[in-house]
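Descriptive analysis of the structure
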Amino acid sequence: MGDSKRILVTGGTGLVGRAIQYHVEREKPEGETWIFIGSKDGNLSDREQTREIFAKHQPTHVIHLAAMVGGLFHNMAHNLDFLRTNLLINDNVLHTSYERGVKKVVSCLSTCIFPDKTTYPIDETMVHNGPPNDTNFGYSYAKRLIDVQNRGYHEQYGLSYTSVIPCNVFGPYDNFNLEHAHVIPALMRKVHAAKLENKPNVQVLGTGKPLRQFIYSRDLAKLIIWTLREYPEVKPIILSVGEEDEVSIKDAAVAIKTAFSYEGDLVFDTSAADGQFKKTASNAKLRNYLPDFKFTPFSEAIRETVHWYNENYEHIRK
Ligand code: NAP
Ligand code: GFB
């Protein structure tokens, strides 16, 4: 990225932000100052606080991760909150970046925002082709507008603000709060507790049949750093493991049970929602740019995360 850069990472204290920190601490990139912020540094849903943060840090580049984020059940119960909070955060960060002359912003969409009725595999051209799944329409529309806004900054001001579209993410420093969590941290929390308390089984919500692509946060972090430094387009790029790496919720639950060496049973509560059955995304565009990128195998990433969980249990977000 050439001469000195000041890279502000919003959402820097979360799952993905911490993974970026992990790599930056080890890489110590020349001529780059990295600033990681969380909500204690200011509320990005407030325009004035956002302006104060940007005036303080004077970033030349921004990786925009900050968002109201949650799993299926949290989204189902709070679609309006997910919509409004994320609309406010996103406009504040993007427009303050423009006001402050930030050269590049990389924001985050998600593979769960694509049209509910779609053909597979999903690709980047399909973001706006129809309404999203009802379970997370609020989050989905807020995220889609990032892509619309990026187009506006490019057409009106010639700016290259872009976005990435990760599949489901997991790893160290995830959110393990059972009410808000995504499936992998939720099941890790439950299996860990069942093992500690010698419970005979662990409840998995839904049928276990839905399919997901899961990316290890530390792999996603490398790809987001690459996007900031090298990706030239304004249009989004899917950052996901391959279609062939898709697993069922049951597969994920078994991998977590094995990683904890938990010998109890998995019990499926089929009265609970399954959410989207699948959201299979193609990473062909990513493969065109980075044909040799190696993803951490799913079970290895689960084992690494479980090891981290056991070592850091006292300090996890719960
Ligand atoms: P996360 O662990 O929940 O972290 C959210 C981050 O945003 C935290 O640093 C949080 O700060 C910050 N934040 C939230 N509200 C804020 C506010 N009002 N003002 C300032 N900061 C605020 O989320 P994540 O999983 O790392 O997600 C990062 C990005 O990836 C998000 O844009 C998300 O939509 C996207 N994504 C995530 C997944 C996934 O499966 N996790 C999948 C696809 C896309 P505190 O720590 O102080 O609360
Ligand atoms: O990660 P998750 O909550 O969200 O996964 P989505 C939900 C799937 O896991 C459903 C099953 O099939 C659930 O029935 N599941 C089983 C559980 N046990 C549990 C559990 O204890 N907790 C949870 N949470 N699920 C989200 C979107 O969809 O994907 C968000 O709603 C976001 O907006 C996220 O984009 C990445 O993958 O279904």
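Residues numbered from 1 in each chain as written. Chains lettered and ligands numbered in written order. Predicted model: local features only at pLDDT ≥ 70, side-chain atom pairs only at ≥ 80, totals over all residues. Heavy atoms only, no water.

A few words on the side chain of Ser240. Structurally, Ser240 is set in the loop between strand 10 (237-239) and strand 11 (247-248). Judged by its relative accessible area of 0%, Ser240 falls in the buried class. Every residue in contact with Ser240, bar those within four places of it in the chain, is listed here: Cys167, Gln213, Ile215, Asn283, Leu286 and Phe295. (Helix = DSSP H or I, 4+ residues; strand = E, 2+ residues; numbered from the N terminus. Buried < 20%, exposed > 50% of the residue type's maximum accessible area, 1.4 Å probe, protein only. Contact = heavy atoms within 4.5 Å.)

Attention now moves to the site of ligand 1. Around ligand 1 sit 27 residues in total, of which Thr13, Ser39, Leu65, Tyr139 and Arg317 are the nearest. Gly14 has a polar backbone atom sitting 3.2 Å from an oxygen atom of ligand 1. Leu44 places a polar main-chain atom, nitrogen or oxygen, 2.9 Å from a nitrogen atom of ligand 1. For ligand 1, whose free accessible area comes to 910 Å², the fraction covered by protein is 87%. (Near = heavy atom within 4 Å. Polar contact = N/O pair within 3.5 Å; in protein donor to acceptor, adjacent residues only side chain to side chain. Areas by Shrake-Rupley, 256 points an atom, 1.4 Å probe, with all protein chains shown as cover.)

So, on to the site of ligand 2. As a matter of local geometry, ligand 2 sits amid 25 residues, with Cys112, Lys190, Arg212, Ala273 and Asp274 nearest to it. Taking Asn75, its side chain carries an N or O atom lying 3.4 Å from an oxygen atom of ligand 2. Here an oxygen atom of ligand 2 sits 3.1 Å away from a polar atom, N or O, in the side chain of Asn136. Burial of ligand 2 by the protein amounts to 97% of the accessible area it has alone, namely 710 Å². Put simply, the parts of the chain that give the shell around ligand 2 at least two residues each are helix 3 (72-77), helix 6 (183-196) and strand 7 (201-205).

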